[in-house]
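Architecture and fold: a report
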Amino acid sequence: MEAALRTSSLTSTTATATTGNGALNSVLNSAVVSGNTGAQSTPATGRAVAVRTPDADSRPVTRTPPGSGALKRGIDWNQNLQSEVARAQQAIDYLERVASQLEALKADLSSRISNRGGNARQLEARAAQLGRTLDARRSQGGDGLDAQLEFNDGQPAQQRFRIASLDLASLQAAAPQTLGFSVGAAGGPQLSATIEPGMTAEEVAKRLDRALAPVNVRAGLDQNRQLVFTTPESSWSGVKDAIAVTGRGRVDTAEVPASLAPQEWELGNADALRQSLREVVQALARVRRSQDAASMALSAAMARTAQPEIPTVELEQIAQDFSATAASHDYESLLAITSALVGVSRERVQALLGLR
């Protein structure tokens, strides 16, 4: 009797093994679950409890997702690189608009100064238009252009500011002294700078820069060799009213004004017109440099995405794999597809295709 049972069991197991990996896994999973249940419910006498094998039609079916190897052969893209490309493209578009308005202003100002005519109201309208464009820099020019219309190698724009009573002359005159800083809740002994007698302007700026770097505030010298501080524009709102210096308490900060302010121009006399023309010419040169910098940053970013051309056969296989994955009901595959497509818009795709 026992031999017959063993023979029957062996025959059943052999038949099950030939039904395929999917069915075998299903049977094994069912056997494990049933085996655990049986082990818990077996009486102390040790009697065997029969385990019913599920019918073939009732076995769970596990869909095998399409291979993801081909899908991974697409463009090597990442969020940082995408931000760099978008930042450069937005800056280029905005700078082109500003350059066009500056060229028109330059022509009108030159005409007025040389007494070749020119409509005064048109000149005022152009200046007002430029002012509105500059006011919209942060929303239209992206976060790569600062208030001076400078583009710094694709990095986020910096806000330049000064700290009241913290100037080179007073710091050098009061040496030796140690200054401690805090920005909001951040501070402590590590944010301190010792100004020693005989230190040069560059050494003082470097000492302050090293002390403030941990709170994302940097120090340097401007073109007039005066102290100037910078922080990302996105952080400025949390910095401008939150800087404290030991012995002085909370200190006032002041933004460095933009170099181009058409709303402040005086267009009623020849001297004012000449000064406005000088500012326009300087601004135009700065815009041209920023356009070149943004174009170089965009080219460098796009070069990092360059890959060998994918053969047509592989492209067709990628398309087939993608279609099969999208048509499946596998949760992980659908999650991967939807996550990859988040933020992909028609305009972005068209902009990228235009670079080919």
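For the structure itself, look to the data block above.
Nothing here was measured: the structure is a model prediction, and the numbers come from that model.

What counts as what
Residues numbered from 1 in each chain as written. Predicted model: local features only at pLDDT ≥ 70, side-chain atom pairs only at ≥ 80, totals over all residues. Heavy atoms only, no water. Core = buried A, V, L, I, M, F, W, Y, C linked by side-chain atoms within 4.5 Å. Buried < 20%, exposed > 50% of the residue type's maximum accessible area, 1.4 Å probe, protein only. Helix = DSSP H or I, 4+ residues; strand = E, 2+ residues; numbered from the N terminus. Pairing = 2+ DSSP bridges. Contact = heavy atoms within 4.5 Å. Axes fitted to C-alpha atoms, helices over the stretch in contact; angles between N-to-C directions. Expected span 1.5 Å × (residues − 1). Polar contact = N/O pair within 3.5 Å; in protein donor to acceptor, adjacent residues only side chain to side chain. Salt bridge = Lys/Arg side-chain N within 4 Å of Asp/Glu carboxyl O. Arc of directions from axis to C-beta. Phe/Tyr/Trp six-rings, centres within 6.5 Å; stacked < 30°, edge-to-face > 60°.

Once that is clear, we can look at the nonpolar core. Ranked by internal contacts, the top residues of the largest apolar core, which has 31 residues, are Leu-102, Leu-130 and Trp-265. Contributing elements (two or more residues each) for this core: helix H3 (79–113), helix H4 (120–135) and helix H8 (270–303). At 11 residues, H3 tops the list of elements feeding residues into this core. Formed by 29 residues, the second largest nonpolar core is a distinct cluster that contains Val-204, Ala-211, Leu-212 and Leu-227.

Okay, the sheet that holds strand S2 (residues 177–183) next. The four strands are arranged S3-S2-S6-S7 in an open sheet whose pairing can be described as antiparallel. Each having just a single partner strand, strand S3 (192–195) and strand S7 (249–250) make up the two edges of the open sheet. Bridge analysis of S2 against strand S6 (residues 243–245) gives three bridges, and the strand direction is antiparallel. Note on S6: the bridge partner recorded for Ser-182 is Ala-244. Running over the sheet, helix H7 (residues 201–212) touches S2 and S3 and is turned about 165° from S3.

Turning to H8, a few remarks are in order. With 34 residues, H8 should reach 50 Å at 1.5 Å per residue; the first-to-last C-alpha distance of 49 Å fits that figure. One side-chain oxygen at the N-terminal end of H8 lies 3.2 Å from the backbone nitrogen of Asp-271; it belongs to Asn-269.

Moving on, we come to the pattern of salt bridges. Inspection of the entire model under this criterion finds 10 salt bridges. Put simply, Asp-222 and Arg-162 hold a salt bridge, and the shortest N to O gap is 2.7 Å. A residue pair is termed long-range when its members are at least 10 positions apart, and Asp-222 in the loop between strand S4 (218–221) and strand S5 (227–232) and Arg-162 in strand S1 (residues 158–163) qualify at 60 residues. A relative accessible area of 9% places Asp-222 in the buried class. For Arg-162, a relative accessible area of 32% corresponds to the partly exposed category. One network of salt bridges, in which partners are shared, links Arg-137, Arg-138 and Glu-233.

Time to look at the sheet that holds S4. Across the sheet, four strands lie side by side as S4-S5-S1-S8; this open sheet has antiparallel pairing. The two strands at the open ends of the sheet, each matched to only one other strand, are S4 and strand S8 (253–255). Between one strand and the next, the sheet's axes are offset by a mean angle of 40°, whatever the strand orientation. In this sheet, S5 lies alongside S1 in antiparallel orientation, the contact comprising four bridges.

Here we come to the pairing of S1. The alternating pattern of S1 places Gln-159, Phe-161 and Ile-163 on a buried face and Gln-158, Arg-160 and Arg-162 on a face that is not buried. Note that S1 and S8 share three bridges and pair antiparallel. Its bridge partner being in S8, Phe-161 is matched across the sheet by Glu-255.

This paragraph deals with unusual backbone geometry. Here the residue pair Ala-175 and Pro-176 is connected by a cis peptide bond, since its omega of 0° sits within 30 degrees of zero. By the secondary structure assignment, Pro-176 is in the loop between helix H6 (168–173) and S2. If you check the backbone angles, Asn-216 has positive phi at about 65° while not being a glycine. Its location among the elements puts Asn-216 in the loop between H7 and S4.

Another aspect to go through is the side chain of Asp-108. Tracing the sequence through the fold places Asp-108 in helix H3. Residues in contact with Asp-108, not counting those within four places in the same chain, are Gln-122, Leu-123 and Arg-126.

Bringing H4 into the picture now. Between its first and last C-alpha, H4 extends 23 Å over 16 residues, near the 22 Å set by a 1.5 Å rise per residue. Within H4, the full set of buried residues consists of Leu-123, Ala-127, Leu-130, Gly-131, Thr-133 and Leu-134. Down the axis, H4 shows its buried residues gathered within 165° of arc, on one side only. Along H4, the residues that are exposed and aim more than 90 degrees away from the buried face are Arg-121, Arg-132 and Asp-135.

Per the stated rule, a full pass over the model turns up two aromatic pairs. Each ring, one from Phe-161 and one from Trp-236, has its centre 4.8 Å from the other, and the planes form 40°; the classification is tilted. Taken together, the residues span a long stretch of sequence, with Phe-161 in strand S1 and Trp-236 in the loop between S5 and S6 at a distance of 75 residues. The same class applies to Phe-161 and to Trp-236, which are both buried. Of the aromatic side chains, those joined through ring pairs into one cluster are Phe-161, Phe-229 and Trp-236.

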